[in-house]
Amino acid sequence: MFGNIFKKVTTATGTATQETPNQWIKCPKCTSLMYYKEVEAKQNVCPKCNHHFRISAEKRIASISDEGSFVEFDNTLAPTDPLKFTDKKSYKKRLEEAKAKTGKTSSVMSGSCTIGGQPVEIAVFDFSFMGGSLGSVEGEKIVRGINRAIENECGFIIVSASGGARMQESTYSLLQMSKTSAALNRLHHKGLPFISILTDPTMGGVSASFAMLGDIIMAEPGALIGFAGQRVIKQTVGVDLPEGFQRSEFLLSHGLIDMIVDRVEMHQTLSDLFKLFNKKAS
């Protein structure tokens, strides 16, 4: 999406692809050519057309949480290959490539932070790791985050950016849908808030489970949200589909999400919502 703006650098743990911008970025929506610092100053949002670029989990957390407040948990958890799965490549090889590309062992970063001074547990998907797919480690990180929220009596946030369940883990992956949903049900019965943030894209088993279970469901502008792809749906139902029917604006107009929030306004919006939830609880 950004073009060739990444380069490989050698770190203490090996070679990983780190975000090193070129001088210019071309917006895929309006095709404007912009100086990269101009885009970064708006949290990777196009200043011309408001297109929200995909960003890493680290940048997402930095934009949402209070500065310096995030503490990561469970960063040593890593997936195994119980099925010895192989398609064009082995699952083990794909994991190695994803780790070399991102420096991560899974597509979810989870931990504790504060937002507007209020304690919150958070789990954030990173699409650059195997398309943000949901596997057993990702599900476990989310459930542990929910358990911490229950223990600390605070709210919980999931920021979704995922193509869906990870096919290389088969049923192990699909079970994470019910596992995370059951954990969120425990959070609900404790009277603690869950805010689901949908970003581009939120698809497949993620959209079919926890992503749509929030007490508040918000999305970024123009985010692709759905279960199956547009072509598959059209082939199944055999009719022409409305323009942009899987974009956040369409979902908002049809009551499937609660609000659309620009990235630059997300921190303040979350702060206000948690203050409201905490006021009701007191």
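Bear in mind the structure is a predicted one, so any value in this text is a computation, not a measurement.

Trainee: I'd love a proper account of helix α4 (residues 136-152), names of residues and values included.
Mentor: The end-to-end C-alpha distance of α4 is 24 Å, a good match for the 24 Å that 17 residues give at a rise of 1.5 Å each. Three or more residues of α4 are buried, namely Val137, Glu138, Gly139, Lys141, Ile142, Val143, Gly145, Ile146, Arg148, Ala149 and Ile150. In the core, the buried residues of α4 are packed alongside β5 (71-73), β6 (108-115), β7 (118-125), β8 (155-162) and α5 (170-189). Directly after α4, the chain includes glutamate 153, whose backbone phi takes a positive value near 55°.

Trainee: I'd like a rundown of the side chain of glutamine 168, residues and numbers included.
Mentor: In this fold, glutamine 168 is placed in the loop between β8 and α5. For glutamine 168, the contacting residues outside a window of four places in its chain are Leu83, Phe85, Asp87, Tyr91, Arg94 and Met130.

Trainee: Mind laying out the nonpolar core, listing which residues take part and the relevant values?
Mentor: Counting residues in each nonpolar core, the largest one holds 29 residues, and the members touching the most others are Phe125, Ile142, Ile146, Phe156, Ile158, Leu187 and Phe210. Secondary structure elements with two or more residues in this core: β7, α4, β8, α5, β9 (194-202) and β10 (216-219). Once residues within four sequence positions are removed from consideration, isoleucine 142 is found in contact with Ala123, Phe125, Phe156, Ile158, Thr180 and Phe210.

Trainee: Lay out unusual backbone geometry with the relevant residues and their values.
Mentor: Cis peptide bonds are those with omega within 30 degrees of zero, and the linkage from aspartate 200 to proline 201 qualifies with -5°. Secondary-structure assignment places proline 201 in strand β9. In this structure, threonine 31 is a non-glycine residue whose phi angle is positive, near 65°. Within the fold, threonine 31 resides in the loop between β3 (24-26) and β4 (33-35). With phi around 50°, lysine 84 is a residue other than glycine that occupies positive phi space.

Trainee: Please provide a residue-by-residue account of the environment of valine 71, values included.
Mentor: For valine 71, the position within the fold is in strand β5. In the structure, valine 71 is positioned 70 residues away from lysine 141 in sequence and 14 Å away in space, judged by C-alpha atoms. Those residues in contact with valine 71, other than ones at most four positions away along the chain, are Ser110, Gly111 and Ser112.

The rules we used
Residues numbered from 1 in each chain as written. Predicted model: local features only at pLDDT ≥ 70, side-chain atom pairs only at ≥ 80, totals over all residues. Heavy atoms only, no water. Helix = DSSP H or I, 4+ residues; strand = E, 2+ residues; numbered from the N terminus. Expected span 1.5 Å × (residues − 1). Buried < 20%, exposed > 50% of the residue type's maximum accessible area, 1.4 Å probe, protein only. Contact = heavy atoms within 4.5 Å. Core = buried A, V, L, I, M, F, W, Y, C linked by side-chain atoms within 4.5 Å.

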